[in-house]
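Close look at the chain arrangement
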Amino acid sequence: DPALYEHYLAKFGLPRDKKIKEFSRGMKMKLGIAVALSHRPKLLLLDEATSGLDPVVRDEMLDVLRDFIQDERRSVLLSSHIISDLEKVCDYVTFLHKGRLLLSEPKDELIDRYVMAKAPEAELRRLDPAAVVGIRAGRFGAEALILRSALPAGMAHQPATLEDIMLYHIKEEH
């Protein structure tokens, strides 16, 4: 749809009088998204779409993706190593590591399932091993990714981030 293409060129502030080879990486990414969106797709497949972009352009791209998926008939499959981007736009997370599927489920359910517990290492090691994904000990204490349902009353903790969950699952693989 040429009109839709023009709309996205204007929305992304892309110059009409500049050769594509003179575009910055961010401008090329915006152009690619404009072309893709002008075809009114139901599904966008994006591999490392925000990698290497400055934070402002990354945020703009994520806004475009959030707008795109507001229509529940449309989806984005986003492959990324930038976990904060996934936290901002994804409803579901599938985590592959070395060709193995480690987890695949709704992001909010995944984040709600775990907490980062902080306590002396010996105390963390007494928890039910089935509830502990991993423990990391340091000079100033220890922390563990554990199931929220297994958190003992009074134990210091904080919400687990998607990055915490992924890092601890990788460590369990080794």
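What you see is a predicted model; the values in this text were computed from it and never measured.

1. Regarding the environment of I135
The residue I135 is located in strand 6 (residues 132–138) in this model. In this structure I135 comes out as partly exposed when scored by relative accessible area, which is 23%. Sequence separation between I135 and E123 is twelve residues, and the spatial gap between their C-alpha atoms is 11 Å. Setting aside chain neighbours within four positions, we find I135 in contact with E121, L124, R125, A142, E143, A144 and Y168.

2. Observations concerning the pairing of strand 6
Relative to strand 7 (residues 141–147), strand 6 runs antiparallel, the two being bridged by six bridges. By the bridge assignment, R136 is partnered in strand 7 with E143.

3. A closer look at the sheet that holds strand 5 (residues 114–119)
Judged by pairing direction, the sheet is antiparallel, and its four strands sit side by side in the order 6-7-5-8 without closing on themselves. Across the chains shown, the open sheet's two edge strands, defined by having one partner strand only, are strand 6 and strand 8 (156–159). Between one strand and the next, the sheet's axes are offset by a mean angle of 20 degrees, whatever the strand orientation.

4. Some remarks on the packing of helix 1 (residues 2–11) against helix 2 (residues 25–37)
Running from amino to carboxyl end, helix 1 crosses helix 2 at an angle of 155 degrees, the nearest separation of the two axes being 8 Å. With respect to helix 2, the element helix 1 is oriented roughly antiparallel. For the crossing formed where helix 1 meets helix 2, the hand is right-handed. Here L4, Y5, Y8 and L9 of helix 1 lie close against helix 2, whose contacting residues are L31, A34, V35 and L37.

5. Focus: the side chain of S38
Following the sequence through the fold, S38 ends up in the loop between helix 2 and strand 1 (43–47). Here V35 takes part through its backbone oxygen, which lies 2.7 Å from a polar atom of the side chain of S38.

6. Things to note about the nonpolar core
Core analysis: the biggest nonpolar cluster contains 43 residues, and I33, L145, L162 and I165 have the highest contact counts within it. Setting aside chain neighbours within four positions, we find L145 in contact with Y114, V115, M116, A131, V132, V133, G134, A160, D164, I165, Y168 and H169. Listed in part, the ten residues of the second largest apolar core include V115, A142, A144 and I146.

7. Considerations on unusual backbone geometry
Even without being glycine, R40 reaches a positive phi, approximately 50 degrees. Examined against the element boundaries, R40 turns out to sit in the loop between helix 2 and strand 1. For R40, a relative accessible area of 56% gives the class exposed. Of note, the phi angle at E48 is positive, near 50 degrees, even though the residue is not glycine. With respect to the helices and strands, the residue E48 is situated in the loop between strand 1 and helix 3 (55–68).

The rules behind the values
Residues numbered from 1 in each chain as written. Predicted model: local features only at pLDDT ≥ 70, side-chain atom pairs only at ≥ 80, totals over all residues. Heavy atoms only, no water. Helix = DSSP H or I, 4+ residues; strand = E, 2+ residues; numbered from the N terminus. Buried < 20%, exposed > 50% of the residue type's maximum accessible area, 1.4 Å probe, protein only. Contact = heavy atoms within 4.5 Å. Pairing = 2+ DSSP bridges. Axes fitted to C-alpha atoms, helices over the stretch in contact; angles between N-to-C directions. Parallel < 35°, antiparallel > 145°, perpendicular 65-115°, else oblique. Left-handed = near helix turned anticlockwise from the far one by under 90°. Polar contact = N/O pair within 3.5 Å; in protein donor to acceptor, adjacent residues only side chain to side chain. Core = buried A, V, L, I, M, F, W, Y, C linked by side-chain atoms within 4.5 Å.

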